[in-house]
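Notes for the structure review
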Amino acid sequence: MTDSLKIFRQSLSEARELADCYDVFNSHPELSTPSSLKKACLILTLTAWETYIEDVVTELFDSKFSLLKGSKLGVFAAKQLNERLKFFHNPNSQKTKHLFEEFFDIDVTEHWQWNNVMPKDAREQLNRWISKRGEAVHRAGGDMNQPQIIKKDELAKCLRFFDELAKATDHVLEQI
């Protein structure tokens, strides 16, 4: 298990704590349950995913290219990675695939498989969550007649999905 996965799991536990806060509010009918807690949980989860990808790429880079450290080639490669990561936002399946292919010659998305989830399904689901995060971030408030951006039962699915996705990513990276 990478250090990046350990940190990711800590961040995911914080997102779970936020979801639990929603449950506490929801269990008291006299309190108004703020739907913003669900959106915040979604945003925190997707931010943890983005940070995990950035961290694990850096961790793998440092491990795989440690012999080049300090050389002109090593300095150049490290600069290239740092430049890519500066602009690496909303890590959907295509951006994630491209980053790993560019630096490690592996399509990690082909290894996103667990239980009854196939790689194609995992890529599509990741892209849907990334899109939902965008809605949560950029569509604050809004029309009261609009449907909720995320429902409570979706939060649990989201948290499970990203836990499995990071685990699958970490597993394949241990093999290279």
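Residues numbered from 1 in each chain as written. Predicted model: local features only at pLDDT ≥ 70, side-chain atom pairs only at ≥ 80, totals over all residues. Heavy atoms only, no water.

Points about the nonpolar core
If you look at the biggest cluster of nonpolar residues, it comprises 45 residues, and the most contacted ones within it are Phe 8, Trp 49, Phe 100, Trp 112 and Phe 162. The set of elements that each furnish at least two residues to this core consists of helix H1 (3-26), helix H2 (36-64), helix H3 (72-86), helix H4 (93-104), helix H5 (119-138) and helix H6 (152-175). Beyond its immediate sequence surroundings of up to four residues, Phe 8 is in contact with Ala 48, Trp 49, Tyr 52, Phe 162, Asp 163 and Ala 166. (Core = buried A, V, L, I, M, F, W, Y, C linked by side-chain atoms within 4.5 Å. Buried < 20%, exposed > 50% of the residue type's maximum accessible area, 1.4 Å probe, protein only. Helix = DSSP H or I, 4+ residues; strand = E, 2+ residues; numbered from the N terminus. Contact = heavy atoms within 4.5 Å.)

Describing the packing of aromatic side chains
Summed over the entire model, instances satisfying the criterion amount to ten aromatic pairs. Ring geometry for Phe 8 and Tyr 52: centres 5.5 Å apart, planes at 55 degrees, overall tilted. One end of the pair, Phe 8, is in helix H1; the other, Tyr 52, is in helix H2, with 44 residues separating them in the sequence. Per residue, the accessibility class of Phe 8 equals that of Tyr 52, and both read buried. Geometrically, the ring pair formed by Phe 61 and Phe 65 is tilted, given 4.9 Å between the ring centres and 50 degrees between the ring planes. The class for Phe 65 is partly exposed, based on a relative accessible area of 27%. Members of the aromatic cluster, each reached through a chain of ring pairs, are Phe 8, Trp 49, Tyr 52, Trp 112, Trp 114, Phe 161 and Phe 162. (Phe/Tyr/Trp six-rings, centres within 6.5 Å; stacked < 30°, edge-to-face > 60°.)

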